[in-house]
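Fold and geometry: a report
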Amino acid sequence: MSLPGKPHRASAGRIRPADAAGLVGKCAAVWIGSCRGIPEHAALCMGEEPVRKPPTVSGGPPRKPWLPRKFFDRLEAEHEARGTCSATATSRPAARGFTLVEMLVVIAIITILAGLVLAGVTAARRHAKEKAAESTIKRIELAATRYETDFGDYPDSGGMDGVAGCENLLEALKSTAKSGPYIEGNEFRETDSNRNGRPEIADEWGRPFRYVHHKYYKVAPNKRTYRLFSVGADGKEDTDDDIRNWDPRKPE
Ligand SMILES: [Ca+2]
Ligand SMILES: [Ca+2]
């Protein structure tokens, strides 16, 4: 391709990478913004930057790296490929398509990022539910304490079955004896009465809280207490995600 304007000085020698970067930047600015045609474009790219002689170290060869002439050959070939620059400011070079490998890399990155975001959201939701379950346990404890103040002991769970215990607990806290009821009618979400026809207080996962009076397990003498817990996200008892009203690492 023969370009009008100033002579193609770069073809006479080599140019430093820093100068070349400046030229490419100018080319892009002219092309995308105020491009008025190949001649001006080419002149700016090819002719207006000084081509400096390589600095030399005394007694040694010219410093490297220097950009070879083929850089300008390539730049010129790109101009050819872009075609004629129109007079409008919206002219732009034809976009190069993505290769399959680039697309796959982008998809893989997006997939990984989406996975990280999803994991973060899931963990945050779980944490929020655990905090809510802790809060529910505290409110049940307050009601149970009021019951204990009236009756001298906590509601009897009837055995070690925590679900049946929770049925008994809910019934006792709804009792109208003495200063009851000890909870408001809709204060706690209840499970469906799918066992014994008697509902339990539901945890944040919709499962019954477990309640066991201390007389069914060993505690320190003269200590009145109870175990109240949610089985947590995994739905299984005695696992790390259980939310309890006691610390299993300490004696009860
Ligand atoms: Ca039931
Ligand atoms: Ca669990």
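Everything discussed here concerns the structure shown above.
In this report, the structure presented in the accompanying data block is examined. (Residues numbered from 1 in each chain as written. Chains lettered and ligands numbered in written order. Predicted model: local features only at pLDDT ≥ 70, side-chain atom pairs only at ≥ 80, totals over all residues.)

Description of the pairing of strand E1 (residues 210-213)
Residues Arg 210 and Val 212 of E1 are buried on one face, and the alternating residues Tyr 211 and His 213, pointing to the opposite face, are buried as well. As paired elements, E1 and strand E2 (residues 226-230) share four bridges and run antiparallel to each other. Paired with Val 212 across the two strands is Arg 227, which belongs to E2. (Buried ≥ 20, exposed ≤ 12 C-beta atoms within 10 Å, placed from the backbone. Helix = DSSP H or I, 4+ residues; strand = E, 2+ residues; numbered from the N terminus. Pairing = 2+ DSSP bridges.)

What about the nonpolar core?
In terms of nonpolar packing, the biggest core is built from 21 residues, with Ala 143, Tyr 147, Leu 173 and Tyr 211 touching the most fellow members. Elements supplying a minimum of two residues to this core: helix H4 (100-151), helix H5 (162-174), E1 and E2. (Core = buried A, V, L, I, M, F, W, Y, C linked by C-beta atoms within 7 Å.)

Things to note about the sheet that holds strand E3 (residues 243-244)
Pairing is antiparallel in the open sheet, where three strands are placed in the order E1-E2-E3. One side of each edge strand has no neighbouring strand; the edge strands of this open sheet are E1 and E3.

So, the environment of Lys 174
For Lys 174, the location among the structural elements is in helix H5. You can call Lys 174 partly exposed: it has 15 C-beta atoms within 10 Å. A C-alpha to C-alpha distance of 7.9 Å links Lys 174 and Glu 184, two positions ten residues apart in sequence. With residues up to four places along the chain from it excluded, the contact list for Lys 174 reads Pro 181 and Ile 183. (Contact = placed C-beta atoms within 7 Å.)

Comments concerning H4
Compared with an ideal rise of 1.5 Å per residue, which puts 52 residues at 76 Å, H4 spans 75 Å between its outermost C-alpha atoms and is within 8% of the ideal. The set of residues buried in H4 consists of Ala 133, Thr 136, Ile 140, Ala 143, Ala 144 and Tyr 147. Along its buried surface, H4 packs onto H5, E2 and E3. Where H4 ends, the next residue or the one after it, Gly 152, has phi of about 80°, a positive value. (Expected span 1.5 Å × (residues − 1).)

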